[in-house]
Amino acid sequence: MTSANSPKLGSALWQLDALEVAARIRRKEVSALEVTRSVLDRIGQVNPRINALAEVMAEEATAAAQAADAALARGDRAAARKNYLEAKTFYSLARFPAPYHSGSAICPPDMSPLKAQSYQRYLDCFKKATALRAEPQIELRIRRDGKEAVGYLRLPKGASAKNKVPAVLVMCGGDMYKEDREKYAEGANNEGMAALVV
């Protein structure tokens, strides 16, 4: 494994987007632990100045990343998925409020770079966890008037155009919440229903 700030990588891992981080983990160029340590190091550098995070939960995030790497190494997809979801939860604490574009006079107009980085790591863990599901998740993007809404469609095993199943719509009220509704979509799928989370 290369170090988090290796010249070979060109950038510190915390600077990379979620897709690039996921690609490098798949190619075994870096580990989830190295990504986590890079993010935590950056938090340590920046947070004392901007006070964006009340609690970082560094030990918990590191433990989840180590467990995910170990599970993948031994081929235990279920355990890896569980640990990626746990890591996602730790990142969710740091990313609030994100995505964030405030119209309030008492809030800054945009989220801080640190929160944006945490949100990207949060999405990365979410995508890695859902990629380990037996049934694929379909990401839907709908654009209108210069804006985009993202939703996730999850079908239960055996669902198809010929084998239609009931569906539920999980409404979250804000874009940052839909990845946190994993358990509701999972519950619907377990009952033989499709779930669209928006």
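Below you will find a few notes about this structure.

Cut-off values and rules
Residues numbered from 1 in each chain as written. Predicted model: local features only at pLDDT ≥ 70, side-chain atom pairs only at ≥ 80, totals over all residues. Heavy atoms only, no water. Salt bridge = Lys/Arg side-chain N within 4 Å of Asp/Glu carboxyl O. Helix = DSSP H or I, 4+ residues; strand = E, 2+ residues; numbered from the N terminus. Buried < 20%, exposed > 50% of the residue type's maximum accessible area, 1.4 Å probe, protein only. Pairing = 2+ DSSP bridges. Axes fitted to C-alpha atoms, helices over the stretch in contact; angles between N-to-C directions. Contact = heavy atoms within 4.5 Å. 1 Å grid on protein atoms, 1.4 Å probe; cavity = no way out; pocket = protein on both sides within 12 Å on 5 of 7 lines; lining within 4 Å. Points joined across faces, edges and corners; volume = space filled by probe spheres on them. Nonpolar A, V, L, I, M, F, W, Y, C, P; charged D, E, K, R; others polar.

Moving on: the pattern of salt bridges. One pass over the full model with this rule turns up 16 salt bridges. With its nearest N and O atoms 3.3 Å apart, the salt bridge here joins D180 to K88. One end of the pair, D180, is in the loop between β3 (167–170) and α6 (182–190); the other, K88, is in helix α4 (residues 77–95), with 92 residues separating them in the sequence. Between K128 and D124 there is a salt bridge whose closest N-O contact spans 3.2 Å. Of this pair, K128 and D124 both sit in helix α5 (residues 113–131), separated by four residues, roughly a single helical turn. Since its relative accessible area comes to 3%, D124 is described here as buried. Connected through shared salt-bridge partners, E20, R24, R27 and E29 make up one network.

Right, let's talk about the sheet that holds strand β4 (residues 194–197) for a bit. An order of β1-β2-β4-β3 is seen for the four strands of this open sheet, with the pairing classed as mixed. One side of each edge strand has no neighbouring strand; the edge strands of this open sheet are β1 (137–144) and β3. With strand direction ignored, the average angle separating the axes of adjacent strands in the sheet is 20 degrees. Across three bridges, the pairing between strand β2 (residues 147–154) and β4 is antiparallel. Of the residues in β4, the one forming a bridge with R154 is A195. Running at roughly 160 degrees to β4, α6 makes contact with β2, β3 and β4 of the sheet.

With that settled, the discussion passes to the layout of surface pockets. Considered as a void within the structure, the largest pocket measures approximately 450 Å³ in volume. As for the largest pocket, its lining consists of 20 residues, of which I25, R26, L72, Y84 and K128 are closest to the centre. Counting only elements with at least two residues in the lining of the largest pocket, the list comes to α1 (18–26), α3 (58–73), α4 and α5. Top contributing element to the lining of the largest pocket by residue count: α1, with five residues. In the lining of the largest pocket, the residues fall into twelve nonpolar, one polar and seven charged.

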